[in-house]
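Breakdown of the fold
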Amino acid sequence: MSKNWRDKEHARTITGRDKNITVVDDHQYAILVWAELAAQLIKPPVLVSIDYHPDTDPPFWLWATQKAIAKDPEREECLKKQFQDQKLAAIDPLALESLEVQMSFMNNDEQINTAMALGFLSDYHMINCMAKHQYATGHHYLVPRASFGDLSDEMFVRAGFSLSLLPQNGPVFLDIDLDYFPDPASFQTAGSVFRSLVNQAVGITIARSDKYFDYLKQTKKFTLGNCETACIQLIHECSV
């Protein structure tokens with residue numbers, strides 16, 4: 001795979017102990033990291049994502065919707081499915097350059113179900129602050145308002161997530177969007193569940209999502225750089 005997308009995304013991989021953490025600017029580009037890592041594994045991993053938003057829209061949903069409406073509003077649903085299928089068919093999961101070519105058509109909340117459709121993931125658990133969707137695949141967990149930004153064991157319990165839902169011996173990816181954290185206090189609450197997720201993960205991705213972070217943060221002096229540094233430091237501290 002070319003390095004062009006890494007340059008565009010200011011993507012970098014930080015190695016600490018046995019954990020590689022890859023940071024991207026826009027969340028959809030995490031799929032390229034998952035694809036690279038999944039190619040090295042015997043079976044597709046399960047994703048655990050912690051995010052303010054539930055980034056589980058269908059593959060290429062926004063692009064296909066806009067294109068369908070522009071072509072024939074009365075046939076929107078039919079055309080949308082055709083356009084989505086065309087994009088997926090243009091991607092060879094074993095030739096990741098073909099995925100990189102399509103990235104400009106992917107929105108920042110479509111990467112998870114696109115990864116499912118391409119076989120990079122076997123399942124996902126989306127822990128978020130907005131919606132508890134019920135889809136044919138995947139699982140959603142709604143964080144109560146009082147626990148927004150929290151990484152404590154109590155938050156996971158309140159959201160309904162348990163480590164017992166993950167495969168005992170199967171690979172896991174951990175994915176974190178920095179817009180989940182509204183202030184520095186978020187990083188003082190990490191409990192045993194989060195620590196276990198860090199240590200079970202065979203790959204960790206972090207999305208900066210700057211405009212969403214800036215909109216949702218509750219402490220004026222809490223910068224995206226502060227948040228990123230604190231998150232990476234916490235992951236290193238949790239690693240054993």
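The sections below set out a description of the structure shown in this document. (Residues numbered from 1 in each chain as written. Predicted model: local features only at pLDDT ≥ 70, side-chain atom pairs only at ≥ 80, totals over all residues. Heavy atoms only, no water.)

**A few points about the nonpolar core**
- Counting 41 residues, the largest nonpolar core has I127, F156, F161, L174, F181, F194 and I235 as its most contacted members.
- Secondary structure elements with two or more residues in this core: β2 (19-24), β3 (46-50), α7 (153-159), β6 (172-177), α8 (192-200), β7 (201-207), α9 (210-216) and α10 (224-238).
- At 7 residues, the largest contribution of residues to this core is made by α10.
- When near neighbours in sequence (up to four residues on either side) are disregarded, F156 contacts I50, I127, L151, F161, V193, F194 and L197. (Core = buried A, V, L, I, M, F, W, Y, C linked by side-chain atoms within 4.5 Å. Buried < 20%, exposed > 50% of the residue type's maximum accessible area, 1.4 Å probe, protein only. Helix = DSSP H or I, 4+ residues; strand = E, 2+ residues; numbered from the N terminus. Contact = heavy atoms within 4.5 Å.)

**Details of the environment of P44**
- Note that P44 resides in the loop between α2 (30-38) and β3.
- Taking the C-alpha atoms as reference points, P44 and V33, 11 residues apart in sequence, are found 13 Å from one another.
- If sequence neighbours within four positions are ignored, P44 has contacts with G119, F120, L121, S122 and P171.

**Quick notes on the packing of helix α3 (residues 61-71) against helix α4 (residues 76-89)**
- Where α3 contacts α4, the axes come no closer than 8 Å and their chain directions differ by 135°. Taken together, the axes of α3 and α4 are oblique relative to one another. α3 and α4 meet at a crossing whose hand is right-handed. Contacts between α3 and α4 involve W61, W63, A64, T65, K67, A68, I69 and K71 from the former and E76, L79, K80, F83, Q84 and K87 from the latter.
- Counted by class, the contact of α3 with α4 contains 7 nonpolar, 2 polar and 5 charged residues. (Axes fitted to C-alpha atoms, helices over the stretch in contact; angles between N-to-C directions. Parallel < 35°, antiparallel > 145°, perpendicular 65-115°, else oblique. Left-handed = near helix turned anticlockwise from the far one by under 90°. Nonpolar A, V, L, I, M, F, W, Y, C, P; charged D, E, K, R; others polar.)

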